[in-house]
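Chain by chain, the residues:
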Amino acid sequence: MRPARILLALALSISAAGSGYAQQDAAARDSLVVHYTDGVRLAAGERYDEAVRALERALALDPDHAPSLFQMAGALTAAGEAARALPFSTRAVEIDPGNSWYRMQQGRLLVGLERYGEALELFEGSVAAGGTFDPDNYQMLAILYYRNGRTDDALATLDSAAVRMGPTPGIVEMKRGLLIEADRIDEAVAVTEAYVAAAPYDEENRLALAQIYAYQRRDSLQGETLKQVVEINPDNAEALGALADLYMSRGQSALYMATLRQLFTLPGVALETKIDRFETLALNTAFYRNHYFEMGQLALALMAAYPGDPRVVELYADHAARGGEPEAALTAVKNRLARPDPTLGLYMKAIEIEAMMGRSDSVALWSDRALAIYPGEIRIYLLRSSALQYMERPREAQKTLARALKVATTDSLRSEIHGAIGTLWHEEGNLRKTFAAYEKALQCSSENALVLNNYAYFLALEERELDRARGMAQRAVGLSENNPSYLDTYAWVLYKQGDYAEARRVMQQALPLDREQSAELMIHYGDILWALGEGFMASVYWKRARKAGWEPDGDIEERLGRTE
């Protein structure tokens, strides 16, 4: 709908609005204007029910007041009542058939109600009538022709509009879209190449041409076209992103990283987009390891552009810690924590790094500081416990979890804590206490997917209660869709039950989801394939497990020895 102020100006020209209006007295005329104006104002404020009531009062004074009919149709349409709106719009057109806005509204309502034949007839009449040129009429007519299988007529209509007002972006894009949707790709290419030749510095047409080349899998032309866009505008984020993705698909990692670094310097690209790209790459362990230096350049570029953003500091700290520079990571985190508005994530990052460096006193210090600001935050207790466990201080870890239980306020939190206690006991090799803690966790919340998964996996390792383990693993998968670790557990339980074919099917779901290329998933899949008699493929996955870091290496050698 047009802006309300324009519609108001249009509709206040009421001298020719309705057949009986001239005979009305001045008081009625003033009331009509007041009710109509109120309707326009209320509709502009999205108070559609009130707008409808105001316009009803206006139409009660003059049922043939075309502007009120038009506004009534608009308010009802905005309120989701297109069928009720159409008669008002139709009557407005009958009263003032030369008003292009009224006809456009009626046409759009007909289209929305899927009365395409009537809509086509209306827009054909509007275009044939000539008068003031309205590109919207041409574009709507083109859409209707296309819907009726008249693609050539649709294209001819758009060409006619282009003759009248030049190849505007809207007309160009519509023509290209119709050709692509009609699977006339070569014509879409020819049209777009012509537009590029006519306006060589137009970035949008070149980008569109690159997209069509990508659709045709003409990678070389796509790449060259994207480079041309970047030459025209080095800050075109869409072109740089597409070019980076093209380089990645070709395996040209050096060019990919260089282009990504250029993209990361652009202030117009949302920080969330940059962080998402970085973290996606970080999940690919092999890529990250092979391009650690280039990843560092990306992290530093973000630190330079967003020095105070906690998310960037965490990202940089993760990178530095991965590369064996925990002090640099900790310095960045501490510097940000010293500034206003420290976040929970930064405190937790400090705890993680101090644990990595084996400094239990510092773990306690940062945990206490975090708890002073976030006193009821169970995640701090869980992280502190995990850190102490990592530093082989299980008794302190248990005391931390006992403190957490005292401040937990919900059953779901208590379930998390009991689950953590169970994992702690498993690390110490005490299965009785492990399973007892897991039972408590499930009593608090039977929907704790992590506990269900871990409990099922440990039962499978012990080959105990496999039917129950299967049910728990299946439930964990249902609660956390597309989790490769949970799918792996479910497959492993199936394997232990001898259901090898189903175990393979589940693992085939898990492996593509595993961005970290986990050694455990690889070795499990190899074992499943071996059980199915597929020795060669089993050896392939066992070797992949070794490459991914599975220890001890003797496990792999023993398995590979079976295939010789």
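This one's a predicted model, so the numbers in the text were calculated from it and none came from an experiment.

**Here's the deal with the overall build of the protein chain**
Each helix and strand in the protein chain was counted, giving 33 helices and zero strands. Its C-alpha atoms give the protein chain a radius of gyration of 34 Å, more than 25% over the compact-globule value 24 Å for 564 residues. Principal-axis analysis of the C-alpha atoms gives the protein chain an extent of 95 × 55 × 55 Å. For the protein chain, the residues scored as buried account for 45% of the 564 residues in total. Across the protein chain, every contact between residues at least 6 apart in sequence was considered, and the portion connecting residues at least 24 apart equals 49%.

**What to know about the pattern of salt bridges**
Scanning all chains against the criterion turns up 34 salt bridges. Of the charged contacts in the structure, one is a salt bridge between Glu56 and Arg84, with a shortest N-O distance of 3.5 Å. Of this pair, Glu56 sits in helix H3 (residues 48-61) while Arg84 sits in helix H5 (residues 82-95), and the two are 28 residues apart along the sequence. Taking the relative accessible area as the measure of exposure, Glu56 reaches 38% and is therefore partly exposed. Salt-bridge contacts for Asp245 lead to Arg277; the nearest nitrogen and oxygen are separated by 3.3 Å. Of this pair, Asp245 sits in helix H14 (residues 237-250) while Arg277 sits in helix H16 (residues 271-283); the two residues are 32 residues apart in sequence, bridging distant segments of the chain.

**Remarks on the nonpolar core**
Ranked by internal contacts, the top residues of the largest apolar core, which has 71 residues, are Tyr256, Leu260, Phe278, Val333 and Ile417. If you look at the next biggest cluster of nonpolar residues, it comprises 58 residues, including Tyr36, Ala43, Leu76 and Val189.

**Some thoughts on the packing of aromatic side chains**
Counted by the stated rule, this structure contains 13 aromatic pairs. Taken together, a centroid distance of 5.5 Å and an interplanar angle of 50 degrees make the contact between Tyr438 and Tyr455 tilted. Taken together, the positions of Tyr438 in helix H26 (residues 431-444) and Tyr455 in helix H27 (residues 449-462) put the pair 17 residues apart, joining distant regions of the chain. Classification of Tyr438 by relative accessible area gives buried; the value is 0%. Under the relative-accessibility criterion, Tyr455 is labelled buried at 3%. Relative to Phe458, the ring of Tyr438 lies with its centre 6.3 Å away and its plane at 5 degrees, an arrangement referred to as stacked. Here the residue Tyr438 occupies a position in helix H26, and Phe458 occupies one in helix H27, the gap between them amounting to 20 residues. Here the two residues Tyr438 and Phe458 agree in accessibility, since each one is buried. Ring-pair connections join several aromatic residues into one group, and the members of that group are Phe435, Tyr438, Tyr455, Tyr457 and Phe458. One cation-aromatic arrangement involves Arg322 over Tyr288; the distance from NZ or CZ to the ring centre is 4.7 Å. Lying over the aromatic face of Trp366, Arg369 brings its terminal NZ or CZ to 4.8 Å of the ring centre.

**Side note on the packing of helix H29 (residues 484-496) against helix H30 (residues 500-513)**
It is at 8 Å that the axes of H29 and H30 come closest, and there the two elements cross at 165 degrees. Classified by the angle their axes make, H29 and H30 are roughly antiparallel. For the pair H29 and H30, the crossing hand works out as left-handed. The segment H29 lies against H30, with Pro484, Leu487, Asp488, Tyr490, Ala491, Leu494 and Tyr495 engaging Tyr500, Glu502, Ala503, Val506, Met507, Gln509, Ala510 and Leu513. Residue classes in the contact of H29 with H30 are distributed as 12 nonpolar, one polar and two charged.

**Some details on the side chain of Asn205**
Position of Asn205 relative to the elements: it lies in helix H12 (residues 203-215). Owing to a relative accessible area of 9%, Asn205 belongs among the buried residues under this scheme. The contact partners of Asn205, leaving out residues within four places of it in the chain, are Val172, Arg176, Thr192, Tyr195 and Val196.

**Comments concerning the confidence of the model for the protein chain**
In this model, the protein chain carries a mean pLDDT of 86, and residues with pLDDT of at least 70 account for 94%. Put simply, helix H1 (residues 4-11) is where the protein chain has its lowest mean pLDDT, 37, and H29 is where it has its highest, 96. Contacts for the low-pLDDT stretch residues 1-24, under 50 throughout, to residues beyond four places or in other chains number 43 contacts.

**Some points on helix H32 (residues 535-547)**
The first and last C-alpha atoms of H32 sit 19 Å apart over 13 residues, in line with the 18 Å expected at 1.5 Å per residue. Within the sequence span of H32, burial applies to Gly535, Ala538, Ser539, Tyr541, Trp542 and Ala545. Taken end-on, H32 shows its buried residues confined to a sector of 165 degrees, consistent with a single buried face. Among the exposed residues of H32, those oriented more than 90 degrees off its buried face are Phe536 and Lys547. In the core, the buried residues of H32 are packed alongside H30, helix H31 (519-531) and helix H33 (553-562). Gly549 occupies a position one or two residues after H32 and carries a positive phi of about 105 degrees.

Rules used in this analysis
- Residues numbered from 1 in each chain as written.
- Predicted model: local features only at pLDDT ≥ 70, side-chain atom pairs only at ≥ 80, totals over all residues.
- Heavy atoms only, no water.
- Helix = DSSP H or I, 4+ residues; strand = E, 2+ residues; numbered from the N terminus.
- Rg over C-alpha atoms; globule rule 2.2 N^0.38 Å.
- Buried < 20%, exposed > 50% of the residue type's maximum accessible area, 1.4 Å probe, protein only.
- Contact = heavy atoms within 4.5 Å.
- Salt bridge = Lys/Arg side-chain N within 4 Å of Asp/Glu carboxyl O.
- Core = buried A, V, L, I, M, F, W, Y, C linked by side-chain atoms within 4.5 Å.
- Phe/Tyr/Trp six-rings, centres within 6.5 Å; stacked < 30°, edge-to-face > 60°.
- Lys NZ or Arg CZ within 6 Å of the ring centre and 35° of its normal.
- Axes fitted to C-alpha atoms, helices over the stretch in contact; angles between N-to-C directions.
- Parallel < 35°, antiparallel > 145°, perpendicular 65-115°, else oblique.
- Left-handed = near helix turned anticlockwise from the far one by under 90°.
- Nonpolar A, V, L, I, M, F, W, Y, C, P; charged D, E, K, R; others polar.
- pLDDT = per-residue confidence, 0-100.
- Expected span 1.5 Å × (residues − 1).
- Arc of directions from axis to C-beta.

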